[in-house]
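Structure at a glance
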Amino acid sequence: MIINSLAINREEFHRRTGWEIKPEGACKGDACVPLYLQPGQQLDAQVLSDRLQMPLVRDEAAGLWSLGPEGSGRALTSAQAPDLVLPDLEENEFRLASLRGQKVLLVAWASW
Amino acid sequence: MPGWQELRAELHPRGLEIVTVALDTGGADAARQWIEAARPEHPSLIDQAHVVDELFGIVNVPSGVWIDEDGMIVRPPEPAWPKRQQRPRRDPPPDAPPRVLALLDVVSKLKVDPEKYVAAVHDWIEKGQRSRFALSPEEVIERSQPRGKDEATAAAHFELGQYLHRAGQPELAIPHFREAHRLQPENWTYKRQAWTFVDPAQGPNDVYEGDWLKDVLEIGAENYYPPLKF
């Protein structure tokens, strides 16, 4: 997740990483990690980095940070499919979750 | 791409949807000609920021992920092929450059098993969670890619590299791509995407230490696509 300040927008963080900020902490699937936030406290990238083992990488020249995924062991921390939303060629947004009730074969390919 | 549409036409009436995702920093412009030629009836999405790589743990293409009716992953990313690719009909000319001959040799040794993969998909469509190819949530997590501190940091650098490349600052992107390659050398997506920016053929260049042929030869062509764990 690319950020130009350490203040993190909760909705964007949820959309991009699958981690939802709840009263009990950051939650994904069945797992919750306590963040010890005070009510109304700004969500800070450094706190998330420490608590969720997400590397925070800085590019001074560009004035940007990149908050990486959690490095807790495996790429998938839950078998629940992430709530993926991506555009098609016509820039219509497609939500993977709209296919509930069908089996889905998701295929990643590339032009390169 | 056309192979996936054929499989979709066959299995959609029996409850399967296929969703293809193009992992392309070049976005729709890079993927368009391939998608339009395949005339897919299934959703064909564009992932310009390589979000799917990170969310699912994808390290090469093509990769397939199985998701059941309840939105649970039942097979994590693995090499996925809809059909065997046709081999060149003729031998290369005797005066072909050595690099071309070496490339053809390596490509002929890559291990792919479309027949086995498609048979497994059929089995899953027929039997659902009772299929021996459908894994438990614990197995799905266990079989997904390792992601410790190095792999997670590689992902952060790769994302910065792509962001800066797309923002018209390729010179700032290169150190991040190089760091991603160093931290996770087994991630072909990071390497192939970055190599393509300096040479569409992913050949030797002055910017990165590796290139496709050199790096495949280092690990052995037969290891490029790991065998399906069925």
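As the structure is a prediction and not an experimental result, all values here were calculated from the model.

1. Description of the overall build of chain A
Scanning chain A from N- to C-terminus turns up 2 helices and 10 strands. Written out in order from the N terminus, the α and β elements of chain A read β-α-β-β-β-α-β-β-β-β-β-β. A fraction of 34% describes how many contacts in chain A between residues 6 or more apart in sequence connect residues 24 or more apart.

2. Description of the domain arrangement of chain B
Residue and element names in this part refer to chain B. Assigned domains within chain B: domain 1 (2-143) and domain 2 (149-223). One C-alpha centre belongs to domain 1, the other to domain 2, and the line joining them spans 21 Å. Residue-level contacts link 17 residues of domain 1 with 14 residues of domain 2. Counting only elements with at least two residues in the side of domain 1 that touches domain 2, the list comes to α3 (51-56) and α4 (98-109). Looking at which element gives the most residues to the side of domain 1 that touches domain 2, the answer is α4, with 5 residues.

3. A look at the interface of chain A and chain B
Accessible area lost when the parts come together is the quantity often used to give the size of an interface. Contacts between the two partners involve 46 residues from chain A and, on the opposite side, 71 residues from chain B. Among the secondary structure elements, those contributing two or more residues to the side of chain A that touches chain B are β5 (56-59), β6 (64-67), β7 (73-74), β8 (85-87) and β10 (103-109) of chain A. Per-element accounting of the side of chain A that touches chain B gives the leading share, 7 residues, to β10 of chain A. Partitioned by chemical class, the residues of the side of chain A that touches chain B number 30 nonpolar, 10 polar and 6 charged. Judged from the 2 bridges that link them, β7 of chain A and strand β5 (residues 146-147) of chain B form a sheet pairing that is antiparallel. Along β5 of chain B, the bridge assignment pairs Gly 73 of chain A with Arg 147 of chain B.

4. A short note on the packing of helix α8 (residues 170-183) of chain B against helix α9 (residues 188-198) of chain B
All names here are of chain B. Look at α8 against α9: their axes get within 10 Å of each other, and the N-to-C directions meet at 150 degrees. Classified by the interaxial angle, the pair formed by α8 and α9 is roughly antiparallel. When you trace α8 past α9, the crossing you get is left-handed. Across the interface between the two elements, Pro 170, Phe 177, Ala 180 and His 181 of α8 pack against Tyr 190, Lys 191, Ala 194 and Phe 197 of α9. Residues that form the contact of α8 with α9 fall into these classes: 6 nonpolar, 1 polar and 1 charged.

5. Looking at the sheet that holds strand β1 (residues 16-23) of chain B
Within the open sheet, the 5 strands sit side by side as β2(B)-β1(B)-β10(A)-β3(B)-β4(B). Their pairing is mixed. Edge positions in the open sheet fall to β2 (44-47) and β4 (73-79) of chain B, since each of these has one partner strand only. The sheet shows a mean angle of 20 degrees between the axes of neighbouring strands, direction not considered.

6. Observations concerning the nonpolar core
Ranked by internal contacts, the top residues of the largest apolar core, which has 48 residues, are Leu 105, Leu 106, Val 107 and Ala 108 of chain A together with Val 21, Val 52 and Ile 73 of chain B. Apart from residues no more than four positions distant in its own chain, Val 52 of chain B is found in contact with Leu 84 and Ala 108 of chain A together with Val 21, Leu 23, Asp 47 and Ile 58 of chain B. Of all hydrophobic cores here, the second largest spans 30 residues; its members include Leu 48 of chain A together with Ala 156, Trp 195 and Phe 197 of chain B.

7. Observations regarding the environment of Val 106 of chain B
Residues and elements named next belong to chain B. With respect to the helices and strands, the residue Val 106 is situated in helix α4. Here Val 106 falls in the partly exposed class, since 17 other C-beta atoms lie within 10 Å of it. A sequence separation of 116 residues divides Val 106 from Glu 222, and the C-alpha atoms of the two residues are 8.6 Å apart. Setting aside anything within four residues of it in sequence, one finds Val 106 in contact with Leu 213, Val 216, Leu 217 and Ala 221.

8. Overview of helix α7 (residues 149-166) of chain B
Residues and elements named next belong to chain B. End to end, α7 covers 26 Å across 18 residues, agreeing with the expected 26 Å (1.5 Å per residue, within 8%). Within α7, 15 of the 18 residues are buried, leaving the element largely enclosed by the surrounding structure. Among the residues trailing α7, Gly 168 stands out with phi positive, at a value near 80 degrees.

9. Some details on the sheet that holds β5 of chain A
Whenever strands of a sheet pair, they do so through backbone hydrogen bonds, lying parallel or antiparallel. All names here are of chain A. On the basis of which strands lie adjacent, the open sheet formed by 3 strands has the order β1-β6-β5 and antiparallel pairing. With partners counted over all chains shown, the strands left at the sheet margins are β1 (2-3) and β5, one partner each. By the bridge criterion, 4 bridges tie β5 to β6 in an arrangement that is antiparallel. Directly across from Val 57, in β6, lies its bridge partner Ser 66.

10. What about the packing of α4 of chain B against helix α10 (residues 212-219) of chain B?
All names here are of chain B. Two elements in contact, α4 and α10, have axes separated by 11 Å at closest approach and are oriented at 45 degrees. One finds that α4 runs oblique with respect to α10. The chirality of how α4 crosses α10 is left-handed. Together, Arg 99, Ala 102, Leu 103 and Val 106 of α4 and Leu 213, Val 216 and Leu 217 of α10 make up the contact between the two elements. Classifying every residue of the contact of α4 with α10 gives 6 nonpolar, no polar and 1 charged.

11. Looking at the environment of Arg 182 of chain B
Tracing the backbone shows Arg 182 of chain B in helix α8. For the pair Arg 182 of chain B and Pro 97 of chain B, spaced 85 residues apart in sequence, the C-alpha separation works out to 30 Å.

Rules of the game
Residue positions are counted from 1 within each chain, in the order its sequence is given. Chain A is the first chain written and ligand 1 is the first ligand written, with later ones labelled in order. Selection of residues for local features in this predicted model requires a pLDDT of at least 70, selection of side-chain atom pairs for listing and counting requires 80 or more, and totals for whole chains, interfaces and linings are taken over all residues. Numbering of helices and strands starts at the N terminus; helices are DSSP runs of H or I of at least 4 residues and strands are runs of E of at least 2. We call two residues in contact when the distance between their C-beta atoms, placed using the backbone, is within 7 Å. Residue ranges for the domains originate in an automatic or database domain assignment. Residues are grouped as follows: Ala, Val, Leu, Ile, Met, Phe, Trp, Tyr, Cys and Pro are nonpolar; Asp, Glu, Lys and Arg are charged; every other residue, Gly included, is polar. Pairs of strands are assigned from DSSP output, requiring at least two bridges between the strands. The angle between two axes is taken between their N-to-C directions and runs from 0 to 180 degrees, where each axis is a line fitted to C-alpha atoms and a helix contributes only its stretch in contact. Roughly parallel refers to an angle under 35 degrees, roughly antiparallel to one over 145, roughly perpendicular to one between 65 and 115, and oblique to any angle outside these ranges. Here a crossing is taken to be left-handed if its near helix is turned anticlockwise relative to the far helix by less than a right angle, and right-handed if that turn runs clockwise. To count as a nonpolar core, a set of buried Ala, Val, Leu, Ile, Met, Phe, Trp, Tyr and Cys residues must be joined through C-beta atoms within 7 Å. Between the buried cut of 20 or more and the exposed cut of 12 or fewer other C-beta atoms within 10 Å of a residue's own C-beta lies the partly exposed class, and all C-beta atoms are placed from the backbone. The length a helix should cover is 1.5 Å for every residue beyond the first.

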